[in-house]
2 protein chains.
Amino acid sequence: MVLNYKAITKIIGMIILIIAISMLPSALVSLIYNEFSTLFAFIKSIIPMFIIGLILTLKTRPDSTNLKMRDGFAIVALCWLLASLLGSVPFMVSGYIPRFADAFFETASGFSTTGASILTNVEALPKGLLFWRSFTHWLGGMGILVFAIALLPTLGIAGHRIAKAETTGPTLGKLMPKMSDTAKILYIIYMVFTIVETILLLFGGMDLFDSLIHTFGSVGTGGFSSYNDSIGHFNSAYIDFVISFFMVLCGINFTLFYCVVHKHYKDLFKDGEFKVYITILISCILLISINLLYNNTYDTLGDTIRYSIFQTSSIITTTGYATTDFDLWPSFSKMILFFLMFVGGCSSSTTGCMKVIRILVLFKLIKRGIALRLHPHAVISVKLDGKAIPADRVSAITNFIFLYLGIVVLGSIIISWDNFDLITSLSAMVSCIGNIGPGFGLVGPSMNYSIFSEPIKIFLSFVMLAGRLELFTILLLLTPSFWNPDKAIRV
Amino acid sequence: MVLNYKAITKIIGMIILIIAISMLPSALVSLIYNEFSTLFAFIKSIIPMFIIGLILTLKTRPDSTNLKMRDGFAIVALCWLLASLLGSVPFMVSGYIPRFADAFFETASGFSTTGASILTNVEALPKGLLFWRSFTHWLGGMGILVFAIALLPTLGIAGHRIAKAETTGPTLGKLMPKMSDTAKILYIIYMVFTIVETILLLFGGMDLFDSLIHTFGSVGTGGFSSYNDSIGHFNSAYIDFVISFFMVLCGINFTLFYCVVHKHYKDLFKDGEFKVYITILISCILLISINLLYNNTYDTLGDTIRYSIFQTSSIITTTGYATTDFDLWPSFSKMILFFLMFVGGCSSSTTGCMKVIRILVLFKLIKRGIALRLHPHAVISVKLDGKAIPADRVSAITNFIFLYLGIVVLGSIIISWDNFDLITSLSAMVSCIGNIGPGFGLVGPSMNYSIFSEPIKIFLSFVMLAGRLELFTILLLLTPSFWNPDKAIRV
């Protein structure tokens, strides 16, 4: 047997249950705001899911609780796909997003923490649906599965394989001997950030609903807002700063916070990836500020720096919030933002994209390449934090970057069949696979993804999920030899 | 001593001499067409160069004729820079391109076989200058240095190091034990192609002048034309076909022609790179044709296929000729052309860009990456033509691709300071480093590079030369440890 189907079924049942339960807060929001038709839509979605989930979880008895890596990949891919499918039900049932392609896109964008929307007027949505939409960011941010891992041992299934297929970035430091303990620690940190940001936003004059929506969007590095003008709606330097701070914070490797909590402050500044992340961030803020000043884009130096900090933080962390229409910025600033869309935050953060650590290795490889041209017989290893990176990990990173770029090329060509201009098609692809949200041109920060045809919307939904799961997980399912282990891949 | 300065001086003297002599045919053209002021400009340029070149060659006596690799890199970089500087003199002296940045750009574009122009009206140029402009393509096509290598042994200097620093692509098969014999064979093939294409174009109704101009532009895969409408001026299916054929031909590894001449036809079809080159070419022609038909871009199927064949051949071979304004094509076709701008022809051809062999290895690496995810402990080597590629060569190819893309990113950001739209800035960079010529938007096939500021024009000139010399040669000169061998590069 190729896969442990029974164990997979049991886990999927559990995921359905989690999705159903996680809709309850949104139903409550509908109740509070007297949105009874929306509340009814939630109830109609939750009850069947809850029953099916419960049956699958309780009635399935796996012969073995041993999960192979293949099972892990299958579970992760199916689970995210299922979450995006089930999560889209309330949008369709309520009639606010009636078409499947649209609802699926919106939910995949939510769970993948992309934040790209097909809605032309977000403000027309009832609060219950707005809450659900942003709550998917929060769930997706740390990974629905890491959530599940924390519960899996209670079912007697080892969660390590699943985490391997899901976690973002090449290094997830094992903080605790047991995977489920690691997941719990990460979740506690995530919770603390959520609570602190919500409180800080309340201080900034937001009501509780808006505070939660924008906290979910920033700690999950998602980018959904309840306003058409995104964060620009509030026009408050304080709110800009709080959200910038939490976006940047959630772009840092979460295991580093554990070190900080345990007073190993030095670990933070010893971490090469963290240092490069901050360096890229500050350099881009400076370059963009200089360019905006040179072009007199804003009246004051203060505004220039404020918008530059917010937008750079938003793009590098793959959040995608906007306080201004950066598509109207001068070309130099836009070009920097465009290439930042390939970077992302640190590994094991809630951000998407290639991750800083891979960019760092890429630059070290270029440097080594130049050195080797001058000293062809030298043996030069690529070092990170003082230690040489093993050749197989360097090659895994190289492969990832090539695969990422290859998919961007192929995807951009596919998207361009809808015949929108080059920069729209290209930036839509780059933005979706990097889980950012806005791009340039017709998908700029003041626009949305409603322009695309339904096949392209569904394609982009898969792209967002593939980007969130670091490509291989979704891609492996498309590989014939995944389903037939005897058939080797020929290179 | 770091470099063998005396030997370098002697070779540079020889290069100056060659540039001076190679201006004679253009002077002759001026004489034939009664362009006396242009003829006078050529004479004023040739005489001082000839004298300086002769003195440097005859009076310099190297202590040693032994050239190290560093010397090779220095010679190649200086030589191409010098050629572009000296070659621009007639443009300035004649007053037709008075400004240095413009004249240098035009000449660097010529020698690097890019074909990008700052001229808004090519047809206003006298025939002598048009001839010189296209002749630089022809000289640059096979490499001024390969020319020199054939002469070097007469000076007692081994040319192997120079060829290594200059030749295009990762593999230059050594056909003959002596490098100078290889150079001669390649030049003979190049000559034969030049003569045959000129004759075929004469049959198509072109006069001798136009035939030569467009032969230089196609066998050198350059792209300069004597008409503002490029090849579209002739509006002849026969001429389109002849030029397409020779562009594609000169995108093939020249050492394969040697095999064909010696009746080893099978070698051609055993060559993996050749097969992929033809496959990419045909697939893109088909996809573009389907897209053009779907959008009713042309009235007839014949026209659709004709324009699609010509434009795809022109872009993949990095020539840049146009028979139609492809910037008006539907987005899908444009996106394919845009990404073709990263490919180029086969190694050891006259084309620029990354070269098919590197793209091929890139795809094999992606495939291996996916296989390794499924079988983490498997040992899978990357094979080419049935043989495993050594790890150091795979890593050299990876480094090259990363460096190439890194320079594209950095260059696009620099260019965008001039504040033209994203696709103009991006495609200008991609087109210049790939030695193609036209891009999209304001540098589209019906436009030119006159829009850019002088610093950006000079920057792009260096980009074109760096692209022609496969990046490392120019880049190494910027590396401190190149000049100070004791200082190692730290990775």
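Since the structure is predicted, the reported quantities are computational estimates derived from the model, not experimental observations. (Residues numbered from 1 in each chain as written. Chains lettered and ligands numbered in written order. Predicted model: local features only at pLDDT ≥ 70, side-chain atom pairs only at ≥ 80, totals over all residues. Heavy atoms only, no water.)

(A) Quick look at the overall build of chain A. The helix and strand inventory of chain A stands at 23 helices and two strands. If you sum the accessible surface of chain A, you get close to 18,200 Å²; carbon and sulfur atoms cover 67% of it. (Helix = DSSP H or I, 4+ residues; strand = E, 2+ residues; numbered from the N terminus. Areas by Shrake-Rupley, 256 points an atom, 1.4 Å probe, with all protein chains shown as cover.)

(B) How the structure looks around a nonpolar patch on the surface. A surface patch of nonpolar side chains, about 780 Å² in accessible area, is lined by Ile21, Leu24, Ile43, Ile47, Phe50, Ile51, Leu54, Ile55 and Leu58 of chain B. Looking at the element boundaries, Leu58 of chain B is found in helix H3 (residues 36-59). (Patch = residues over 30% accessible without salt bridge, like charges linked within 9 Å, V, L, I, M, F, W, Y side chains within 5 Å. Salt bridge = Lys/Arg side-chain N within 4 Å of Asp/Glu carboxyl O.)

(C) Representation of the pattern of salt bridges in the model. Residue and element names in this part refer to chain A. Applying the stated criterion to the full structure yields ten salt bridges over all chains. A salt bridge links Lys457 to Asp102, with the nearest nitrogen and oxygen atoms 2.7 Å apart. Of this pair, Lys457 sits in helix H21 (residues 454-468) while Asp102 is found in helix H6 (residues 100-111), placing the two residues 355 residues apart along the sequence. Here Lys334 and Asp327 are joined by a salt bridge, their closest N and O atoms 3.4 Å apart. We classify Lys334 as buried; its relative accessible area is 14%. Since its relative accessible area comes to 18%, Asp327 is described here as buried. (Buried < 20%, exposed > 50% of the residue type's maximum accessible area, 1.4 Å probe, protein only.)

(D) The state of the cysteines, seen in detail. This model, assessed by the stated rule, comprises zero disulfides over all chains. Cys353 of chain A forms no disulfide, and the closest cysteine sulfur to it belongs to Cys432 of chain A, at a distance of 12 Å. Among the residues examined, Cys353 of chain A registers a relative accessible area of 1% and is labelled buried. Just so you know, Cys284 of chain B is unpaired, no disulfide at all, and the nearest cysteine sulfur is the one on Cys353 of chain B, 13 Å from it. With a relative accessible area of 11%, Cys284 of chain B lands in the buried category. (Disulfide = S-S within 2.5 Å.)

(E) Quick look at the relation of the copies chain B and chain A. Between the two copies, chain B and chain A, the superposition gives an RMSD of 0.0 Å; the rotation angle is 180° and the shift along the axis is 0.0 Å. Here the symmetry operator amounts to a two-fold rotation axis. Rotation axis and chain B: the residue whose C-alpha lies nearest the axis is Ile423 of chain B, separated from it by 3.2 Å. (Least-squares fit on C-alpha atoms with pLDDT ≥ 70 in both.)

(F) Highlighting the packing of helix H4 (residues 69-87) of chain B against helix H21 (residues 454-468) of chain B. All names here are of chain B. Contact geometry for H4 and H21: axes closest at 11 Å, N-to-C directions at 135°. Here H4 lies oblique to H21, going by the angle between them. As H4 runs across H21, the sense of the crossing is right-handed. Between H4, through Trp80, Leu81 and Ser84, and H21, the contact on the second element is made entirely by Phe462, Leu465 and Arg468. (Axes fitted to C-alpha atoms, helices over the stretch in contact; angles between N-to-C directions. Parallel < 35°, antiparallel > 145°, perpendicular 65-115°, else oblique. Left-handed = near helix turned anticlockwise from the far one by under 90°. Contact = heavy atoms within 4.5 Å.)

(G) Region of the structure containing the interface of chain B and chain A. Across the contact, 62 residues belong to chain B and 62 residues belong to chain A. Together, the buried faces of chain B and chain A total about 5,700 Å²; carbon and sulfur atoms form 76% of this surface. Put simply, chain B and chain A have zero salt bridges between them. At the junction of chain B and chain A, the tally comes to eight residue pairs in polar contact (both at pLDDT 80 or more). For the side of chain B that touches chain A, the elements supplying multiple residues, two or more each, are H4, helix H15 (272-294), helix H17 (331-340), helix H18 (356-374), helix H19 (391-415), helix H20 (422-433), helix H22 (472-477) and helix H23 (480-483) of chain B. Per-element tally for the side of chain B that touches chain A: the top contributor is H18 of chain B, with eleven residues. Broken down by class, the residue content of the side of chain B that touches chain A amounts to 38 nonpolar, 15 polar and nine charged. (Buried area = accessible area lost by both parts, 1.4 Å probe. Polar contact = N/O pair within 3.5 Å; in protein donor to acceptor, adjacent residues only side chain to side chain. Nonpolar A, V, L, I, M, F, W, Y, C, P; charged D, E, K, R; others polar.)

(H) How the structure looks around helix H6 (residues 100-111) of chain B. Residue and element names in this part refer to chain B. The end-to-end C-alpha distance of H6, which contains twelve residues, comes to 16 Å, matching closely the 16 Å that a straight helix rising 1.5 Å per residue would cover. Of all twelve residues in H6, eleven are buried, a share of seventy percent or more. Listing the buried residues of H6 in full gives Ala101, Asp102, Ala103, Phe104, Phe105, Glu106, Thr107, Ala108, Ser109, Gly110 and Phe111. Looking at the residues trailing H6, positive phi occurs at Thr113, about 55°. (Expected span 1.5 Å × (residues − 1).)

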